[in-house]
Amino acid sequence: MEELLKRELGSSRVKAVGFSGGGCISEGQSYSTDSGTVFAKINHKSQARCMFDGEKASLEAILSTNMIRVPKPVKVVDLESGGAVFIMEHIDMKSLNRYSAELGHQLADLHLHNNRQKEKQKKEEQTVGKGTSQAEVPVIEKFGFHIKTCCGYIPQVNDWQDDWVSFYTQQRLQHQLGLVEQSYGDREARELWASLQLKIPKLFTGVEVVPALVHGDLWSGNVAEYSDGPLIFDPASFYGHSEFELGIAGMFGGFGKRFYDAYHEKIPKAPGFDSRHQLYRLFHYLNHWNHFGAGYRGSSLRIMKELSK
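Because the structure is a prediction, the values reported are computed rather than measured.

Visitor: Please provide a residue-by-residue account of the overall build of the protein, values included.
Guide: Secondary structure assignment for the protein yields nine helices and 11 strands. Computed over C-alpha atoms, the radius of gyration of the protein comes to 20 Å, within 12% of the 19 Å expected from 2.2 N^0.38 for 309 residues, which places it in the range of a compact globule. Across its three principal directions, the C-alpha atoms of the protein cover 65 × 60 × 35 Å. The buried share among the 309 residues of the protein stands at 50%. Considering only contacts within the protein whose residues lie at least 6 apart along the sequence, 63% involve residues at least 24 apart. Total accessible area on the protein stands at roughly 14,700 Å², and carbon and sulfur atoms take up 48% of it. The centroid of the 36 positive side-chain charges in the protein is displaced by 3 Å from the centroid of its 37 negative side-chain charges.

Visitor: Let's hear about the pairing of strand E5 (residues 84-89): which residues, and what values?
Guide: The element E5 is extensively covered by neighbouring structure, given that five of its six residues are classed as buried. Where strand E3 (residues 36-43) meets E5, six bridges bridge the pair, whose relative direction is antiparallel. In the strand pairing of E5, Ala40 is matched with Ile87. Taken together, the five bridges between strand E4 (residues 73-78) and E5 define a ladder with antiparallel strand orientation.

Visitor: Run through helix H2 (residues 48-65), naming residues and quoting values.
Guide: With 18 residues, H2 should reach 26 Å at 1.5 Å per residue; the first-to-last C-alpha distance of 26 Å fits that figure. Among the residues making up H2, those that are buried are Ala48, Met51, Phe52, Gly54, Glu55, Ala57, Ser58, Leu59, Ala61, Ile62 and Thr65.

Visitor: How would you explain the pairing of strand E9 (residues 223-226) if you had to name every residue and give the values?
Guide: Successive residues of a regular strand alternate their side chains across the two faces of the sheet. By the alternation rule, side chains of E9 split into Val223 and Glu225 and Ala224 and Tyr226, which are all buried. The sheet contact formed by E9 and strand E10 (residues 229-232) spans four bridges and is antiparallel. Pairing of Val223 across the sheet is with Ile232, part of E10. The hairpin turn running from E9 into E10, its antiparallel successor, is two residues long.

Visitor: Report on the packing of aromatic side chains, specifying residues and quantitative values.
Guide: Within this structure, the stated rule accounts for 19 aromatic pairs. Seen from their ring centres, Phe167 and Phe238 are 5.8 Å apart, and the 25° between their planes marks the pair as stacked. Taken together, the positions of Phe167 in helix H4 (residues 164-184) and Phe238 in strand E11 (residues 238-240) put the pair 71 residues apart, joining distant regions of the chain. The two residues Phe167 and Phe238 agree in class, both being buried. An aromatic cluster is built from Phe143, Trp164, Phe167, Tyr168, Phe238, Phe244, Tyr280 and Phe283, whose rings are joined through pairwise contacts. The aromatic ring of Phe238 is capped on one face by Arg172, whose charged end is 4.3 Å from the ring centroid.

Visitor: Tell me about the layout of surface pockets, and please be specific about residues and values.
Guide: In this structure, the second largest pocket encloses a volume near 350 Å³. If you trace the second largest pocket, you find 20 residues lining it, with Glu208, Val210, His241, Ser242 and Ile267 closest to the centre. Those elements giving two or more residues to the lining of the second largest pocket turn out to be helix H3 (100-126) and helix H7 (257-266). Ranked by the residues each element gives to the lining of the second largest pocket, the list is headed by H3, at three residues. Across the lining of the second largest pocket, the residue classes break down as 11 nonpolar, six polar and three charged.

Visitor: Lay out the nonpolar core with the relevant residues and their values.
Guide: Counting 69 residues, the largest nonpolar core has Trp164, Leu173 and Phe204 as its most contacted members. Sequence-distant contacts of Phe204, defined by excluding residues within four places in its chain, comprise Trp164, Val165, Val209, His241, Arg276, Leu279 and Tyr280. Grouped together as the second largest cluster of nonpolar side chains are 11 residues, Leu5, Tyr31, Val38 and Ile42 included.

Visitor: Outline the pattern of salt bridges, supporting the account with residue identities and numerical values.
Guide: One pass over the full model with this rule turns up 22 salt bridges. For Arg49, the salt bridge identified is with Asp53, shortest N-O distance 3.2 Å. Within this pair, Arg49 and its partner Asp53 are both found in helix H2, separated by four residues, close to a single helical turn. Owing to a relative accessible area of 26%, Asp53 belongs among the partly exposed residues under this scheme. Among the charged side chains, a network of salt bridges with common partners joins Asp186, Glu188, Arg297 and Lys305.

Visitor: Please give an account of the side chain of Ser308 that cites residues and values.
Guide: Relative to the elements of secondary structure, Ser308 occurs in helix H9 (residues 297-308). In terms of polar contacts, Ser308 uses its side chain to reach the backbone carbonyl oxygen of Met304, at 2.6 Å. Once residues lying within four places of it in the same chain are set aside, the contact partners of Ser308 are Leu192, Ser195, Leu196 and Lys199.

Visitor: Give me unusual backbone geometry: which residues, what numbers.
Guide: We note that Asn66 has phi near 60°; this positive angle belongs to a residue other than glycine. Looking at where Asn66 falls in the secondary structure, it is placed in the loop between H2 and E4. Residue classification places Asn66 among the exposed residues on the basis of a relative accessible area of 68%. With a phi close to 55°, Asp234 is a non-glycine residue in the positive phi region.

Conventions and cut-offs
Residues numbered from 1 in each chain as written. Predicted model: local features only at pLDDT ≥ 70, side-chain atom pairs only at ≥ 80, totals over all residues. Heavy atoms only, no water. Helix = DSSP H or I, 4+ residues; strand = E, 2+ residues; numbered from the N terminus. Rg over C-alpha atoms; globule rule 2.2 N^0.38 Å. Buried < 20%, exposed > 50% of the residue type's maximum accessible area, 1.4 Å probe, protein only. Contact = heavy atoms within 4.5 Å. Areas by Shrake-Rupley, 256 points an atom, 1.4 Å probe, with all protein chains shown as cover. Lys, Arg positive; Asp, Glu negative; His and termini not counted. Charge placed at Lys NZ, Arg CZ, Asp CG, Glu CD. Pairing = 2+ DSSP bridges. Expected span 1.5 Å × (residues − 1). Phe/Tyr/Trp six-rings, centres within 6.5 Å; stacked < 30°, edge-to-face > 60°. Lys NZ or Arg CZ within 6 Å of the ring centre and 35° of its normal. 1 Å grid on protein atoms, 1.4 Å probe; cavity = no way out; pocket = protein on both sides within 12 Å on 5 of 7 lines; lining within 4 Å. Points joined across faces, edges and corners; volume = space filled by probe spheres on them. Nonpolar A, V, L, I, M, F, W, Y, C, P; charged D, E, K, R; others polar. Core = buried A, V, L, I, M, F, W, Y, C linked by side-chain atoms within 4.5 Å. Salt bridge = Lys/Arg side-chain N within 4 Å of Asp/Glu carboxyl O. Polar contact = N/O pair within 3.5 Å; in protein donor to acceptor, adjacent residues only side chain to side chain.

Coordinates in, geometry out; function isn't part of it.
As structure tokens, then:
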């Protein structure tokens, strides 16, 4: 790995330093180089390139908003033995603690950023004597993303759609349930889905959903803090409903009252939030079922039953 990093970074000195780690999907190691410390994330799966290209694009999109700290991506490199390595900025981080409220505020600002850009552009276009505004970050009018991103190692269908309910139903839930069907042929899941899809549009009655850039996999293992504030990492981004972000946040703990209070101070809960919150958790339970097995079947079916009533 040292030789590969020397070649790819044009560095004469690369040395592994004492920062290593691994999650359910990839492993990582920090390296000291001529130009500072980098973190190399390594995965030997055949789909590693797709995963890391999507993660790099996600980090770049979040960085462009300047709303919340993420590691700066450097490059993705194929491994000769198969798989890929994703090189990014190393950040000294520790568990989220004192910056929990700041994370809530900054995450809300990330979610509001696209709509604020849209309003700013509209205001400038209405100003007498002004030409068409050229926003620093393009305003996104649809739901999706310009590249595949992976939540875990499963690629997400990010084809652009005008309608959020259609996007989420087809490209998130239907996609995951299709994978469940392939692996398990689960009759009860199939029957519940036939009933649930008819109910989903009613959960959005009276709610205007505007495209928001989301992290996409914001569980407690993908947030931390450094000396100056909170940071988020390992994103699976796309433009979707801001409420989607909170679906996985409550599943494994780690986000306290200060985080939620700060977030909802800027983005208050809309009518019907609790039912949609369950709908968004459903995606993550299905995704875990497809990654880790039938231990997540019960939670998936329970939500489908509750929402189908």
